[in-house]
Amino acid sequence: MTIDIDLQKLPQHIAIIMDGNGRWARNHTLGRIMGHQKGVEAVQRTVRLCREIGIKYLTLYAFSVENWSRPDQEIKALMKILREYLRSELDEMLQNGIRLTTIGDIAALQEPVRDLLLETMDRTAKNRDMVLNLALSYGGQDEILQAVRRILKDAQDGRIDPTSISKESFASYLYTAEMPDPDLLIRTSGEYRISNFLLWQSAYTEFYFTDVLWPDFSKTDLFSAIADYQQRERRYGLTSDQLRREKIY
Ligand code: IPE
Ligand code: IPE
Ligand code: MG
């Protein structure tokens, strides 16, 4: 099945809650770790496709702060999978102009993963064709709280005037300071929740939910999400008439 998408009207920033690895594994009578391993293939497919069609920012929710409460064995396996992923993808990132960035409490990650992340970010820092942004040890509420703490500190030290804080200056304290807000947020596996992802940044994001489990997420699924997004009218609180008038004049 081919789905037509308009390459002139692509979302600039796609964010994905990659959910359903565990259920995929159970459905195949495999252990959860196998589900995560299979999930990496979906990541590789999705990154490649997004780069090919010209998506500028792709944010993938890979590990939440809440995920630290999972069994130790699963966390260890996830970190190992992440390390293997970073090692295996570096060449392709360099060839395809992909810059790796992260959001989340990266300091909470164990040293080997953290070092490899820092090295990969450093080596891809000059790439300009697409940003691949991994959310690791990420929680939207924690992100907002750390911003508030830093703002209070800057105010205390006289670096900023607390009465002049705007939405824009607040956003500059978030992990996503350098990035546009996501235009399209996809969640797989049939769950209809945000799970602490990009709470501030998704104020006007278009949401797309699919029952497909992450390891099965295909080109057709990605294009379906984009095609659906392209049908929508982003009104930002205005009326349709107002938007049409703006387009004419
Ligand atoms: C998403 O798949 C991957 C991570 C959260 C790391 P899950 O592991 O949450 O899979 P389910 O939800 O149990 O199926
Ligand atoms: C969200 O999935 C986090 C990631 C995809 C990394 P979870 O599986 O952790 O979310 P809940 O627990 O179903 O809300
Ligand atoms: Mg899950």
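Model, not experiment: these values are computed from the prediction.

*Asks:* Quick question: what am I supposed to make of the site of ligand 2 here?
*Replies:* For ligand 2, the full set of nearby residues is Ile 17, Met 18, Asp 19, Tyr 61, Ala 62, Phe 63, Asn 67, Arg 70, Arg 187, Arg 193 and Ser 195. Between an oxygen atom of ligand 2 and a side-chain N or O atom of Asp 19, the distance comes to 3.2 Å. Interatomic distance of 3.4 Å between a side-chain N/O atom of Arg 187 and an oxygen atom of ligand 2. When ligand 2 is considered free in solution it has 390 Å² of accessible area, and contact with the protein chains removes 78% of it.

*Asks:* What is the right way to look at helix α5 (residues 140–156) in this model?
*Replies:* In an α-helix there are 3.6 residues to a turn, and that puts residues three or four apart on one side. Here α5 contains 17 residues, and its C-alpha end-to-end distance of 24 Å stays within 8% of the 24 Å for a straight helix at 1.5 Å per residue. Looking only at α5, the buried set comprises Gly 140, Glu 143, Gln 146, Ala 147, Ile 151 and Asp 154. Summarising the axial view, the buried residues of α5 lie within an arc of 140°, below the 170-degree limit, and thus occupy one face. More than 90 degrees from the buried face of α5, the exposed residues found are Gln 141, Arg 149, Leu 152 and Gln 156. Turning to α5, the residues buried within the fold contact β4 (130–138) and α6 (167–171). One or two steps after α5, the chain reaches Gly 158, where phi turns positive at roughly 75°.

*Asks:* Sorry, what's going on with the sheet that holds strand β6 (residues 206–209) here?
*Replies:* Think of a sheet as strands paired side by side through backbone hydrogen bonds, with each pair either parallel or antiparallel. Within the open sheet, the six strands sit side by side as β3-β4-β2-β1-β5-β6. Their pairing is parallel. With one partner strand each, in any of the chains shown, β3 (98–103) and β6 form the two edges of the open sheet. Ignoring strand direction, the axes of neighbouring strands in this sheet form an average angle of 20°. Of the strands in this sheet, β2 (57–64), β3 and β4 are in contact with helix α3 (residues 72–95), which crosses β4 at around 165°. The strands that helix α7 (residues 219–231) touches are β1 (13–17), β5 (184–187) and β6; relative to β5, the one it contacts most, it runs at about 140°.

*Asks:* Would you mind showing me how to read the nonpolar core here?
*Replies:* By size, the foremost hydrophobic cluster in this structure holds 47 residues, and its most contacted members are Val 47, Leu 58, Leu 60, Leu 117, Leu 132 and Ile 186. Ranked by the residues each element gives to this core, the list is headed by α3, at eight residues. Not counting the four nearest positions on each side in its chain, Ile 186 is found in contact with Ile 14, Ala 15, Ile 16, Ile 17, Tyr 208, Phe 217, Leu 222 and Ala 225. Within the second largest apolar cluster, nine residues are counted, among which are Tyr 61, Tyr 138, Leu 185 and Phe 197.

*Asks:* How should the packing of aromatic side chains be read in this particular structure?
*Replies:* Each aromatic ring pair is summarised here by two numbers: the centre-to-centre distance and the angle between the ring planes. Counting across every chain of the model gives ten aromatic pairs. Here the aromatic rings of Tyr 61 and Phe 197 are separated by 4.1 Å at their centres, their planes lie at 10°, and the arrangement is stacked. Placement of Tyr 61 in strand β2 and of Phe 197 in the loop between β5 and β6 is noted, with a sequence separation of 136 residues between them. Pair check on accessibility: Tyr 61 and Phe 197 agree, each one buried. Between Trp 214 and Phe 217, the aromatic rings sit 5.0 Å apart at their centres with planes inclined by 20°, giving stacked as the arrangement. For the pair shown, Trp 214 and Phe 217 are each scored as buried. The structure contains a cluster of three or more aromatic residues connected by ring pairs, namely Tyr 61, Tyr 138, Tyr 175 and Phe 197.

Basis of the calculations
Residues numbered from 1 in each chain as written. Chains lettered and ligands numbered in written order. Predicted model: local features only at pLDDT ≥ 70, side-chain atom pairs only at ≥ 80, totals over all residues. Heavy atoms only, no water. Near = heavy atom within 4 Å. Polar contact = N/O pair within 3.5 Å; in protein donor to acceptor, adjacent residues only side chain to side chain. Areas by Shrake-Rupley, 256 points an atom, 1.4 Å probe, with all protein chains shown as cover. Helix = DSSP H or I, 4+ residues; strand = E, 2+ residues; numbered from the N terminus. Expected span 1.5 Å × (residues − 1). Buried < 20%, exposed > 50% of the residue type's maximum accessible area, 1.4 Å probe, protein only. Arc of directions from axis to C-beta. Contact = heavy atoms within 4.5 Å. Pairing = 2+ DSSP bridges. Axes fitted to C-alpha atoms, helices over the stretch in contact; angles between N-to-C directions. Core = buried A, V, L, I, M, F, W, Y, C linked by side-chain atoms within 4.5 Å. Phe/Tyr/Trp six-rings, centres within 6.5 Å; stacked < 30°, edge-to-face > 60°.

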